[in-house]
Amino acid sequence: MSELLGLLRALGVDGFQSILTRIDERAGESFAEELDGDGDVRVEGQRTRDELMAKFVAPGDEGLSTRIFQATADRPEGYPDDLPFLSGTNMMTCLASASVHQSGVRVALWTGERDAGETLKAVVTESSKIGWAVASQSGLVTRMVSGDRERIVSYLPTGTGTPTVMLFEQT
């Protein structure tokens with residue numbers, strides 16, 4: 001993952017946002033671009049009716065897939081069944097993997113008008129409805145389990161004034 005992570009760090013938040021904006025502006029057309037100058041690392045993406053998708057690909061099957069769902073009243077088509085849906089809340093998922101044979105990491109972020117404590121409580125409640133149990137809680141961090149899987153749900157201070165709740169789990 002080191003080559004891909006190094007490139008994403010170099011892009012920074014502004015560079016990452018710029019790529020997402022360029023994908024969004026193509027209004028449904030596929031997007032593909034080299035990121036490192038020698039063709040080893042590339043990004044592919046597309047805007048659909050319900051989501052914005054971006055996939056960063058590097059040598060050795062390294063990859064990072066991003067999906068962004070806009071706030072809607074009803075669960076959009078393609079929204080992951082194993083993640084909580086919060087009506088009226090933006091959601092972004094990132095799935096990173098080093099190869100198809102190794103485990104990866106999934107991160108989901110919820111942002112919106114609710115305060116962080118309310119969003120955190122809603123993510124925990126909705127996770128419980130789909131089979132996750134609270135294992136421990138400490139302040140604004142909740143550890144949940146489902147069988148042998150574990151996820152951490154916590155408030156993520158962003159400094160932007162937008163309440164953000166993060167879910168982290170190994171896949």
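Here the structure is a predicted model, which is why all the values come from computation and not from measurement.

(A) Summary view of the packing of aromatic side chains. Applying the stated criterion across every chain, the model contains two aromatic pairs. For the pair Phe69 and Tyr79, a centre-to-centre distance of 5.0 Å together with 55 degrees between the ring planes defines the contact as tilted. Taken as a pair, Phe69 in strand β4 (residues 63-69) and Tyr79 in the loop between β4 and β5 (90-97) lie far apart in primary sequence, ten residues in all. Between Tyr79 and Phe85, the aromatic rings sit 5.3 Å apart at their centres with planes inclined by 90 degrees, giving edge-to-face as the arrangement. This pair shows no difference in class: Tyr79 is buried, exactly as Phe85 is.

(B) Examining the side chain of Thr119 more closely. Take Thr119: it is sitting in helix α2 (residues 116-129). Note on Thr119: relative accessible area 4%, which makes it buried. Contact partners of Thr119, with chain neighbours within four places excluded, come to Leu86, Trp110, Arg114 and Val165.

(C) Here's a closer look at α2. Given a rise of 1.5 Å per residue, 14 residues ought to cover 20 Å, and the 20 Å separating the end C-alpha atoms of α2 matches this to within 8%. Burial in α2 covers these residues: Ala116, Thr119, Leu120, Ala122, Val123, Val124 and Ser127. Residues of α2 that are buried make contact with β6 (104-111), β7 (133-138), β8 (141-146), β9 (149-155) and β10 (164-170).

(D) Geometry of the pairing of β8. Bridge analysis of β7 against β8 gives five bridges, and the strand direction is antiparallel. Residue pairing across strands places Ala133 opposite Val145, the latter belonging to β8. Between the antiparallel neighbours β7 and β8 lie two residues, among them Gly139 with a positive phi of about 60 degrees. Across six bridges, β8 lies against β9 in antiparallel orientation. Bridge pairing links Val145 to Glu150 in β9. In this antiparallel pair of consecutive strands, β8 and β9, the connection spans two residues, and Gly147 shows a positive phi of 65 degrees.

(E) Broad picture of the side chain of Thr89. Relative to the helices and strands, Thr89 is located in the loop between β4 and β5. Here Thr89 falls in the buried class, since its relative accessible area comes to 5%. Filtering out sequence-adjacent residues up to four positions away, Thr89 remains in contact with Ala71, Trp110, Thr111, Gly112 and Arg114.

(F) The arrangement of the pattern of salt bridges in detail. Evaluated as defined, the whole model comprises twelve salt bridges. In this structure, Asp82 and Arg149 form a salt bridge, with 3.9 Å as the shortest nitrogen-oxygen distance. Taken together, the positions of Asp82 in the loop between β4 and β5 and Arg149 in strand β9 put the pair 67 residues apart, joining distant regions of the chain. Judged by relative accessible area, Asp82 falls into the partly exposed class, the value being 30%. Here Lys129 ties to Glu126 by a salt bridge, and the two come within 3.1 Å at their closest N and O atoms. Of this pair, Lys129 and Glu126 are both found in helix α2, three residues apart, which corresponds to roughly one turn of the helix. Given the relative accessible area of 61%, Lys129 is considered exposed. Several salt bridges converge on common partners, so that one network encompasses Asp82, Arg106, Arg149, Arg151 and Glu169.

Criteria and thresholds
- Residues numbered from 1 in each chain as written.
- Predicted model: local features only at pLDDT ≥ 70, side-chain atom pairs only at ≥ 80, totals over all residues.
- Heavy atoms only, no water.
- Phe/Tyr/Trp six-rings, centres within 6.5 Å; stacked < 30°, edge-to-face > 60°.
- Helix = DSSP H or I, 4+ residues; strand = E, 2+ residues; numbered from the N terminus.
- Buried < 20%, exposed > 50% of the residue type's maximum accessible area, 1.4 Å probe, protein only.
- Contact = heavy atoms within 4.5 Å.
- Expected span 1.5 Å × (residues − 1).
- Pairing = 2+ DSSP bridges.
- Salt bridge = Lys/Arg side-chain N within 4 Å of Asp/Glu carboxyl O.

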